[in-house]
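Spelled out, the chains give:
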Amino acid sequence: MKDLIESFTQAYGPSGHEDQVREVIRAAVADHCDRTTVDALGNLIAFRAGSGESSNRRRVMLAGHMDEIGLIVTHLDEQGFLRFANVGGVSPHVLLGQRVVFGDGTTGSIGSERVDEIKDLKLDKMFIDIGALSRDEAREKVEVGDMATYQRQLSELGTRLSAKAMDDRVGCAVMVEALRRLQNSPHDIYAVFTTQEEVGLRGARTSAYGIDPEFGLAFDVTGVGDTPKINNNLNMKLGAGAAIKVKDASVVVPPRVKDLLVKTARDNGISYQLEVLVAGGTDTASIQLTRSGVPAGCISVPTRYIHTPVETLELADVEASVQLTVKVLEGPIEV
Amino acid sequence: MDSVDVKALCDIRGVSGHEGEVRAHLRTLLEGHVDDLRADTIGNLFARKAGRRASPVIMIAAHMDEVGFLVTGADKSGMLHFTNVGGIVPAMLPSKVVRIGPAAIPGVIGTKAVHLQEASERTKPFDPEKLRIDIGASSREQAMKLVKRGDQITWDVEFGEFGSALWKGRALDDRVGCAILAEVLRQAEYEVPVVGVFTVQEEVGLRGAAVASYAVEPQIAVCLEGTVCADIPGVEEQAYTTRVGQGPAISLMDAGTIHSPVLVRHLVSVAEREGIPYQYREATRGGNDTARMTMAKAGAPGCAISVPCRYIHSPVAVCSPEDYRNAVRLVRAFVDSIGRGELTI
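These remarks concern the structure in this document. What you see is a predicted model, and the numbers here were worked out from it, not measured in a lab. (Residues numbered from 1 in each chain as written. Chains lettered and ligands numbered in written order. Predicted model: local features only at pLDDT ≥ 70, side-chain atom pairs only at ≥ 80, totals over all residues. Heavy atoms only, no water.)

Remarks on the overall build of chain A
Each helix and strand counted, chain A has nine helices and 17 strands in total. Expressed along its principal axes, the backbone C-alpha trace of chain A runs to roughly 65 × 45 × 35 Å. In chain A, 75% of the contacts between residues at least 6 apart in sequence involve partners at least 24 apart. Of the accessible surface of chain A, which amounts to about 13,000 Å², a share of 46% is contributed by carbon and sulfur atoms. A distance of 4 Å separates the average location of the 36 positive side-chain charges in chain A from that of its 47 negative side-chain charges. (Helix = DSSP H or I, 4+ residues; strand = E, 2+ residues; numbered from the N terminus. Contact = heavy atoms within 4.5 Å. Areas by Shrake-Rupley, 256 points an atom, 1.4 Å probe, with all protein chains shown as cover. Lys, Arg positive; Asp, Glu negative; His and termini not counted. Charge placed at Lys NZ, Arg CZ, Asp CG, Glu CD.)

Here's what the structure looks like:
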């Protein structure tokens, strides 16, 4: 499990530029499904046919997003510095002092114009220094439109893991591991590794339209309130089990879907916690609002420091999420 | 060769939801040049060229509507109340001449003369809620005989050439896109199906494109726009976004779309091979119909090609006819290259 998370989080794949991470995931999932396809928006769809009778065989869509937040180069200046904008939710304060990496391996350091007060730090005052001495030299490595992500190795903190892009490569890892362990499911499963979630839940929307599922299950990270003076309404915490979503800013999970997940966890002794996330949305919403509507829920991995290079989670919560996913997919889905 | 009169297209008035005259004009331009020409229930105009092959279907969109205002009523003295349609900052409003309703009657957005303003009034921002349009009426009854609630209001500005052959005009955003699309449809036949869609209500939320894309189901989406350009004094180079005269701008990402890296690379290779100047749109703010085209049904890869237009969403914008003509060349070369099978989607 740890190796899977490490290889997924280390892969490069900001929104809309998921080619590299897609190949890493495809290699990991290929042996656990019947076929993989890629759709118009770049979503990777791993299909596995079910063994059930038509009466209890559901078309199930699983969704975890491959993309990660990043930066997009908007301008190369005469001295070879790169100006940029954010791709998804990137804080200028988190970015300061970071090292970033482009798809071809080019690395850069984040610098800033002088600001008198740190609250005045905005992305348009910051730049990437790739060691180029001129615009022409910069252009040999980077062009306007290229994207960079945090460069950060995975680290083990006791039983916890800390890395960039846990959001949402851990969701992708949960899906792959669940498919690997799943012996027998009555359902036709479309495991979709979605694109462009961080910029508006886009890949899930078009892939859900294409698949036309009868049931949807998203996989993502969720915020926690178990760190000093975090001062918000988050009651989720690390180590308390898989988080079963009740609502987030984009979706209210239908109670019968939430209840199915809760009952499955209880019946199988899988540790879980309920998730009410006050801000932030997930692919759950895109699936739910597809065509004439799809019952959809979400299993989240509680994660600290989301959208920083040190997103931190507890392996036991990942394990609980995998177990819960396997049990849900093994049983009947009547919602 | 120019075959579309850009001046005529830009001078037609068409605030979001009031695109009828623009649509009628485009119909006359396109009759006989396309295989199918029809409007849908929301007012989008579809101009389809069947092509010699069945796929891929390329949808090219340009929006007919422009930002402006609507009449909301009149007060006892005959002055009109109004509200904006689309993004216009209030600072643009005072001391402007406008045209109102189907008869395009003139009106003036007046303010108190400088002589009568207190010192504090001259420096502090005015209250846009207090602005009225003077149409020369002396009572509410008289005013409402001249105009109706819901009539469109546009700036009274005519298209023209100036300086070193630049264009200035009111609705360059996005009549330049409409003109490019009309040229592309009129100038040539193509190997693959091309569905040109002149969309409605882009400025109020990309609405026409949403239903048009659902109907067309494009396999490749192309958006033609007049886009922001800030190559002006007081702006630092990295915030110019685009520059007038440096070629059509290729979008990379905006608030609604991450443009397909495959299509962007292909556009660049086509431009370089054909010797067509181009630039990147160096910003991620704003949005256009690409967002709806790429997200309809099961989705499609999309790109956007824009003519840089200084001062858009104001009474007058400025662009380069060379950028416009090079945009026509780029779109044609792009469609031809798809027809030759140079890009597999």
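Let's pick the thread back up.
Let's talk about the overall build of chain B
In terms of regular secondary structure, chain B is built from nine helices and 17 strands. Whereas a compact globule of 345 residues would reach a radius of gyration of roughly 20 Å, chain B reaches 21 Å, a difference of no more than 12%. C-alpha extents for chain B along the principal axes are approximately 70 × 45 × 35 Å. Counting across all 345 residues of chain B, residues that qualify as buried make up 56%. Counting contacts in chain B only where the partners sit at least 6 residues apart, residues at least 24 apart contribute 75% of the total. Surface summary for chain B: the accessible area is close to 14,100 Å², and the carbon and sulfur share equals 51%. In chain B, 38 side chains carry a positive charge and 43 a negative one; their mean positions are 4 Å apart. (Rg over C-alpha atoms; globule rule 2.2 N^0.38 Å. Buried < 20%, exposed > 50% of the residue type's maximum accessible area, 1.4 Å probe, protein only.)

Quick look at helix α9 (residues 315-330) of chain A
Between its terminal C-alpha atoms α9(A) stretches 23 Å, which fits the 22 Å expected from 16 residues at 1.5 Å a residue. Listed as buried for α9(A) are Asp317(A), Val318(A), Ala320(A), Ser321(A), Val322(A), Leu324(A), Thr325(A), Val326(A), Val328(A) and Leu329(A). (Expected span 1.5 Å × (residues − 1).)

Focus: the interface of chain B and chain A
Across the contact, 22 residues belong to chain B and 25 residues belong to chain A. For the pair chain B and chain A, the summed buried area comes to about 2,000 Å², and 62% of that belongs to carbon and sulfur atoms. Looking only at chain B, the three residues that lose the most surface to chain A are Gln238(B), Ile258(B) and Met295(B), adding up to 32% of its buried area. Taken together, chain B and chain A are joined by one salt bridge. One salt bridge connects Glu237(B) with Arg135(A), and the closest N-O pair in it is separated by 2.8 Å. Run the count over chain B and chain A and you get five residue pairs in polar contact (both at pLDDT 80 or more). (Buried area = accessible area lost by both parts, 1.4 Å probe. Salt bridge = Lys/Arg side-chain N within 4 Å of Asp/Glu carboxyl O. Polar contact = N/O pair within 3.5 Å; in protein donor to acceptor, adjacent residues only side chain to side chain.)

A word on the pairing of strand β1 (residues 35-38) of chain A
Residue and element names in this part refer to chain A. Here four bridges tie β1 to strand β2 (residues 44-48), and the two strands are oriented antiparallel to one another. Along β2, the bridge assignment pairs Thr-36 with Ala-46. In this antiparallel pair of consecutive strands, β1 and β2, the connection spans five residues, and Gly-42 shows a positive phi of 90°. (Pairing = 2+ DSSP bridges.)

Let's talk about the packing of aromatic side chains
Going through the model one piece at a time under the given rule, you end up with seven aromatic pairs over all chains. Summarising the aromatic geometry, the rings of Tyr278(B) and Tyr280(B) are spaced 5.9 Å apart at their centres and angled 80° between planes, so their arrangement reads as edge-to-face. Residue classification places Tyr278(B) among the partly exposed residues on the basis of a relative accessible area of 21%. An aromatic cluster is present here, built from Phe69(B), Phe82(B) and Trp155(B) joined pairwise through their rings. Over the ring of Tyr209(A) we find Arg291(A), and its NZ or CZ is 3.8 Å from the ring centre. (Phe/Tyr/Trp six-rings, centres within 6.5 Å; stacked < 30°, edge-to-face > 60°. Lys NZ or Arg CZ within 6 Å of the ring centre and 35° of its normal.)

Describing the state of the cysteines
Residue and element names in this part refer to chain B. Taken as a whole, this structure holds zero disulfides over all chains when the rule is applied. Residue Cys-10 stays outside any disulfide, its sulfur separated by 7.4 Å from that of Cys-319, the closest cysteine. A residue is classified by how much of its surface remains accessible, and Cys-10, at 0% relative accessible area, is buried. Counting only cysteine sulfurs, Cys-223 is the nearest neighbor of Cys-303, a cysteine outside any disulfide, at a range of 9.0 Å. (Disulfide = S-S within 2.5 Å.)

Some details on the packing of helix α7 (residues 261-274) of chain B against helix α9 (residues 321-339) of chain B
Residues and elements named next belong to chain B. In contact at an axis separation of 10 Å, α7 and α9 are set at 110° when each is read in the N-to-C sense. One way to sum up the angle between α7 and α9 is to call them roughly perpendicular. Touching Leu-263, His-266, Leu-267, Val-270, Ala-271, Arg-273 and Glu-274 of α7 are Arg-329, Leu-330, Ala-333, Phe-334, Ser-337 and Ile-338, all from α9. Taken together, the residues of the contact of α7 with α9 break down into eight nonpolar, two polar and three charged. (Axes fitted to C-alpha atoms, helices over the stretch in contact; angles between N-to-C directions. Parallel < 35°, antiparallel > 145°, perpendicular 65-115°, else oblique. Nonpolar A, V, L, I, M, F, W, Y, C, P; charged D, E, K, R; others polar.)

Examining the environment of Asp39(A)
All names here are of chain A. By secondary structure assignment, the location of Asp-39 is in the loop between β1 and β2. Separated by 167 residues in the primary sequence, Asp-39 and Thr-206 have C-alpha atoms spaced 8.8 Å apart. Of the polar contacts made by the side chain of Asp-39, one reaches the backbone nitrogen of Leu-41; its length is 3.1 Å.

Structural notes on the nonpolar core
In terms of nonpolar packing, the biggest core is built from 94 residues, with Leu26(B) and Phe198(B) touching the most fellow members. Ranked by size, the runner-up nonpolar core spans 53 residues in total, among them Val21(A), Ala46(A), Ala163(A) and Met175(A). (Core = buried A, V, L, I, M, F, W, Y, C linked by side-chain atoms within 4.5 Å.)

Quick notes on the environment of Arg48(A)
Residues and elements named next belong to chain A. Among the secondary structure elements, Arg-48 is positioned in strand β2. Judged by its relative accessible area of 15%, Arg-48 falls in the buried class. Each residue touching Arg-48, except ones within four places of it in the same chain, is listed here: His-32, Cys-33, Asp-34, Leu-179, Leu-182, Gln-183, His-187, Asp-188 and Ile-189.

Focus: the packing of helix α1 (residues 2-10) of chain A against helix α2 (residues 19-29) of chain A
For any two helices packed against each other, one specifies the inter-axial angle together with the distance between the axes. All names here are of chain A. The interhelical angle for the contact between α1 and α2, taken along N-to-C directions, is 155°, at an axis separation of 9 Å. Regarding the angle of α1 to α2, the classification is roughly antiparallel. The residues of α2 that touch α1, namely those facing Leu-4, Ser-7 and Phe-8, are Val-21, Val-24, Ile-25 and Ala-28. Its residues assigned to classes, the contact of α1 with α2 shows six nonpolar, one polar and no charged.

Side note on the pattern of salt bridges
If you walk through the whole model with that rule in mind, you get 43 salt bridges over all chains. Linked by salt bridges that have partners in common, Glu177(A), Arg180(A), Arg181(A) and Glu319(A) make up one network.

Describing unusual backbone geometry
Residue and element names in this part refer to chain B. For the bond from Ser-55 to Pro-56, the omega torsion is -5°, close enough to zero to count as cis. Positionally, Pro-56 belongs in the loop between β2 (45-49) and β3 (58-63). Note the cis peptide between Asp-173 and Asp-174, where omega equals 15°. Residue position: Asp-174 is located in helix α5 (residues 172-187). Located in the positive-phi region is Lys-297, a residue other than glycine, with phi close to 45°. Mapped onto the elements of the fold, Lys-297 is located in the loop between α8 (290-295) and β16 (302-310). The exposure class assigned to Lys-297 is buried, which follows from its relative accessible area of 17%.

Some details on the side chain of Ser260(B)
You can see Ser260(B) is positioned in the loop between β14 (249-250) and α7. Once residues within four sequence positions are removed from consideration, Ser260(B) is found in contact with Pro301(B) and Gly302(B).

Examining α1(A)
Residue and element names in this part refer to chain A. By the burial criterion, the buried members of α1 are Leu-4, Ile-5, Phe-8 and Thr-9. Projected down its long axis, α1 shows its buried positions confined to an angular sector of 120°, all on one face. On its buried side, α1 packs onto α2, β11 (160-163), α5 (166-181) and α9. (Arc of directions from axis to C-beta.)

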